[in-house]
Amino acid sequence: MDFTVLTENMEPFLRGFLNTIWASLLGLAGSFVLGVIIAVFRITRLRPLVWFGTGYVEFFRNIPLLLVVFLFYLGLPSLGVTLSGFAAGTLGLAVYTSAFIAEAIRAGILAVPAGQTEAARSSGLGYVQTMVHVVLPQAIKLVIPPLSNQFINLVKNSSVLSIVAGFDLMYYGDVVATETFDTINTYLFVAMFYLIITLPLSYGSRVLERKLARHD
Amino acid sequence: MDFAGAYSGEFLVFLLDGLWMTLKIALISIVLSFTFGCLIGIVRYARVPVLSPVLAVLVELLRNLPLLLIILFSRFALPDLGLQLGPEGAAIAALTVFEMAMISEVVRGGLNSIPKGQIEAARSSGLSGVQTLRHIVLPQGLRRMVPPLVSQFISLLKDTSLATAIALAELMHNAQIIIGHSYNYAIPVLLLCAVIYFIVNYVLSLLSRRLENKMV
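This one's a predicted model, so the numbers in the text were calculated from it and none came from an experiment.

Observations concerning the overall build of chain B
Consideration 1: Helix and strand counts for chain B come out as 9 helices and 0 strands.
Consideration 2: Along the chain direction, N to C, the helices and strands of chain B fall in the order α-α-α-α-α-α-α-α-α.
Consideration 3: Referenced to the eigenvectors of the C-alpha coordinate spread, the extents of chain B come out at roughly 70 × 45 × 20 Å.
Consideration 4: Going through the 216 residues of chain B one by one, you find that 41% of them count as buried.
Consideration 5: Once local pairs closer than 6 in sequence are excluded, the contacts in chain B between residues at least 24 apart make up 76%.

Laid out in structure tokens, this is it:
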């Protein structure tokens, strides 16, 4: 490995690295909020909400992330809204990931035995009380492992920002590769920066998963 | 928005050309990554000395890197190592390497899910290690692998869209060229692409459900 590529281009590498972290955190926050809303839609008994939630999840889980990002980046301008590559990319990332998060949350809630809900309801707890005090605390344990996987995917997927000039790590990697002509070393350092984020996350999620499993 | 213009015969044929490329690249990559993924999964399950730990590190690294980086590496960095691949070759190589890591984890997980007692029983009944794998572990493990394998294949099909970054003439790439003619085509063309991806993936998941039922 030739470290001069890294030392001489520290600034673009770091700028991309920080933008990737920033896009991932914004994407995580957005997809979590959207995911919770869609999951709640799907477990209510209101038909239109259930249909909307199911349609949303099935639609976004079966199309490529890049297509969602293009809808925001290339599609919105024809409706008079122009977004930067970073904004369109992050928004696309949040909407796409929210479908997976909604499914994880729904599966977690449904895994809590129905008898517990019935017991809570017949003890006089309201629907919201049952959710907050009985169902959700147990569901969270089941939901955390798949959620942490989704976050790792989100960090990796944020590289699509480079396709819409979103100034992320991959984008600056391309810039450095074009300027230095040292493609191999540049891409190896880009890989290293991604691993700095994803490897600790993978390790942490595995430890967490084992810890949660032991409490059962 | 110009639906009539976007759905003209010439553009539809161009999109179908892209779909054909998407399906071709996805199918070749599915076959290759499934083959290598099974081999790696079985070697890791069998704890072959030296080979298993080396593969474990390789799988861990690949799983934690963005696929887009691997695609760009295959196209633009491999030539410096003496391996010149065109867009098709680079896309297939990258998708195969990345998905084989994912699939090997599915295979390993499926094999590990067979209770150890069954293996001990088979071994003490006089079956060899290979016989135990062939007659006891694989038949049960494979059935459990079908759903996660199919969702991995669906991911692969969606991920072929990332090869638009190396100008592979697949569906998203051709869509982008049409949108280049006029921004008024963006939303109609992207929606049509979404429908196409959705149908292909939906058919895939229907097939998997049939396969699962057949195996039970």
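Next comes the rest of the description.
Things to note about the overall build of chain A
Consideration 1: Along the backbone of chain A there are 9 helices and 0 strands.
Consideration 2: Along the chain direction, N to C, the helices and strands of chain A fall in the order α-α-α-α-α-α-α-α-α.
Consideration 3: C-alpha atoms of chain A, sized along the principal axes, occupy 70 × 50 × 25 Å.
Consideration 4: Taking all 216 residues of chain A together, the buried fraction comes to 40%.

Some thoughts on the interface of chain A and chain B
Consideration 1: Between chain A and chain B, the residue contacts involve 29 residues of the former and 30 residues of the latter.
Consideration 2: When residues of the side of chain A that touches chain B are traced back to their parent elements, those giving at least two are helix 4 (65-75), helix 8 (169-180) and helix 9 (183-214) of chain A.
Consideration 3: Here the side of chain A that touches chain B gets 10 residues from one element, more than from any other, and that element is helix 9 of chain A.
Consideration 4: A breakdown of the residues in the side of chain A that touches chain B according to their chemical character gives 20 nonpolar, 8 polar and 1 charged.

What about the environment of V68 of chain A?
All names here are of chain A.
Consideration 1: Its place among the elements puts V68 in helix 4.
Consideration 2: On a C-alpha basis, the gap between V68 and V95 in space is 7.9 Å, while along the polypeptide they are 27 residues apart.
Consideration 3: Once residues lying within four places of it in the same chain are set aside, the contact partners of V68 are F60, I63, G92, V95 and Y96.

With respect to the UniProt feature "transmembrane region" (unreviewed entry) in chain B
Residues and elements named next belong to chain B.
Consideration 1: Within this numbering scheme, the UniProt entry marks residues 20-43, 55-78 and 185-207 as carrying the feature "transmembrane region" (unreviewed entry).
Consideration 2: Counting secondary structure, residues 55-78 comes out at 83% helix and 0% strand; the distance between its end C-alpha atoms is 21 Å.
Consideration 3: For residues 185-207, helix accounts for 96% and strand for 0%, while the C-alpha atoms at its two ends are 33 Å apart.

Some words on the environment of T178 of chain A
All names here are of chain A.
Consideration 1: Within the element layout of this structure, T178 appears in helix 8.
Consideration 2: Here T178 falls in the exposed class, since 11 other C-beta atoms lie within 10 Å of it.
Consideration 3: In the structure, T178 is positioned 72 residues away from R106 in sequence and 45 Å away in space, judged by C-alpha atoms.

Topic: the UniProt feature "transmembrane region" (unreviewed entry) in chain A
Consideration 1: As recorded in UniProt, the sites labelled "transmembrane region" (unreviewed entry) are residues 20-44, 151-172 and 184-204 of chain A.
Consideration 2: Counting secondary structure, residues 20-44 of chain A comes out at 96% helix and 0% strand; the distance between its end C-alpha atoms is 36 Å.

With respect to helix 5 (residues 87-112) of chain B
Residue and element names in this part refer to chain B.
Consideration 1: With 26 residues, helix 5 ought to run about 38 Å at 1.5 Å a step, and its terminal C-alpha atoms sit 37 Å apart, in line with that.
Consideration 2: For helix 5, the principal kink sits at M100 and spans about 25 degrees.
Consideration 3: A large share of helix 5 lies buried, amounting to 21 of its 26 residues.

Observations regarding the packing of helix 2 (residues 10-43) of chain A against helix 8 of chain A
Residue and element names in this part refer to chain A.
Consideration 1: In contact at an axis separation of 7 Å, helix 2 and helix 8 are set at 160 degrees when each is read in the N-to-C sense. Classified by the interaxial angle, the pair formed by helix 2 and helix 8 is roughly antiparallel. Remark: the crossing between helix 2 and helix 8 carries right-handed chirality. In this structure, helix 2 uses P12, F13, R15, G16, F17 and T20 to contact helix 8, whose residues at the interface are L169, Y171, Y172, G173, V175 and V176.
Consideration 2: For the contact of helix 2 with helix 8, the class distribution of residues is 8 nonpolar, 3 polar and 1 charged.

What counts, and at which threshold
Numbering of residues starts from 1 in each chain and follows the order in which that chain's sequence is written. Written order determines the labels here, with chains lettered from A and ligands numbered from 1. This being a predicted model, a pLDDT of at least 70 is required before a residue's local features are given, and a value of 80 or more before pairs of side-chain atoms are given or counted; all residues contribute to the totals for chains, interfaces and linings. A run of H or I in DSSP counts as a helix once it spans at least four residues, and a run of E counts as a strand once it spans at least two, with each numbered from the N terminus. Whether a residue is buried, exposed or partly exposed is read from the other C-beta atoms within 10 Å of its own C-beta, which are placed from the backbone; 20 or more gives buried, 12 or fewer gives exposed, and intermediate counts give partly exposed. Here, residue contact means that the backbone-derived C-beta atoms of the two residues sit within 7 Å. Three classes are used: nonpolar for Ala, Val, Leu, Ile, Met, Phe, Trp, Tyr, Cys and Pro, charged for Asp, Glu, Lys and Arg, and polar for all others, with Gly counted as polar. UniProt positions are given in the numbering used here, feature names are shortened, and annotations may be inferred rather than shown by experiment. An expected span of 1.5 Å times one less than the residue number is assigned to each helix. To get the bend at a residue, fit one axis to the 7 residues ending there and another to the 7 starting there, then take the angle between the axes. Only the stretch in contact is used when fitting a helix axis, every axis being a line fitted to C-alpha atoms; angles between N-to-C directions are given from 0 to 180 degrees. Here the angle decides the label: under 35 degrees means roughly parallel, over 145 means roughly antiparallel, 65 to 115 means roughly perpendicular, and every other value means oblique. In this scheme the handedness of a crossing depends on how the near helix is turned from the far one: anticlockwise by less than a right angle means left-handed, clockwise means right-handed.

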